[in-house]
Amino acid sequence: IWSQGDDQSSQFCYQRIYDLDLTHPGGVDSTLRKKPIYIDSAIVGNKNMAVATGNFLGGSFKHFVAAWQGPNNTVTVSVPEIVSGTLSWTSTNIISLPGFAISGRKKIHVETGDFWGSRQDEFVVAFQGADTTIHLQLCSFNKGSLVPQLLGTVHDEKILFNLSLSNWDIVAGDFNSDGRD
């Protein structure tokens, strides 16, 4: 996922999947297969972005979630409906999360994991909020649907030092061996 264009007003979000084809061994260039490109003209400008993969429906195929700086102090989250045979898509499910910081260096993170132990991944979006806290917003999916559902939010950690710093990150994992990330 990347932004591309001649100037700020003509930059759009480009999204493409590359498939690793191990049936025709050779160099890296001969085994990476470009799949169709998707250009989202709703995403304009040079934006902060994050992307992560997850098994959101609990099946055999992975999906991806992308998050970027949206309009009006928001974070826009997108989950495309990928066609497994072509690794392309024609529709995308989008939600908007309020409260994104409008000044300073802004950072967005996305992390996935099986947080409920249901063999179906959820995702968390993290960003610096306008209220100078780190926002963690947890999203899940209803059975058979890739429309993200906001389950909850936490934003109680204040940034007490330079608000323009972006030296933080998030990670998810089953750190206590309970079967949940």
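The preceding data block contains the structure.
Everything numeric here is computed off the predicted structure, so don't read it as measured data.

Thresholds, definitions, all that
- Residues numbered from 1 in each chain as written.
- Predicted model: local features only at pLDDT ≥ 70, side-chain atom pairs only at ≥ 80, totals over all residues.
- Heavy atoms only, no water.
- Helix = DSSP H or I, 4+ residues; strand = E, 2+ residues; numbered from the N terminus.
- Areas by Shrake-Rupley, 256 points an atom, 1.4 Å probe, with all protein chains shown as cover.
- Pairing = 2+ DSSP bridges.
- Axes fitted to C-alpha atoms, helices over the stretch in contact; angles between N-to-C directions.
- Salt bridge = Lys/Arg side-chain N within 4 Å of Asp/Glu carboxyl O.

## Here's the deal with the overall build of the chain
In terms of regular secondary structure, the chain is built from one helix and 13 strands. Seen in sequence order, the chain has helices and strands lined up from the N terminus as β-β-β-α-β-β-β-β-β-β-β-β-β-β. Total accessible area on the chain is roughly 10200 Å²; 53% of this is exposed by carbon and sulfur atoms.

## Examining the sheet that holds strand β11 (residues 122-128)
In space, the four strands of this open sheet follow the order β10-β11-β12-β13, with antiparallel pairing throughout. Each having just a single partner strand, β10 (108-113) and β13 (148-158) make up the two edges of the open sheet. On average, each strand axis in the sheet is inclined to that of its neighbour by 20 degrees, with strand direction left out of account. As paired elements, strand β12 (residues 133-141) and β13 share eight bridges and run antiparallel to each other. Pairing of Leu138 across the sheet is with Gly152, part of β13.

## Focus: the pattern of salt bridges
In this structure the tally under the stated criterion is one salt bridge. In this structure, Asp178 engages Arg180 in a salt bridge whose closest nitrogen and oxygen atoms are separated by 3.2 Å.

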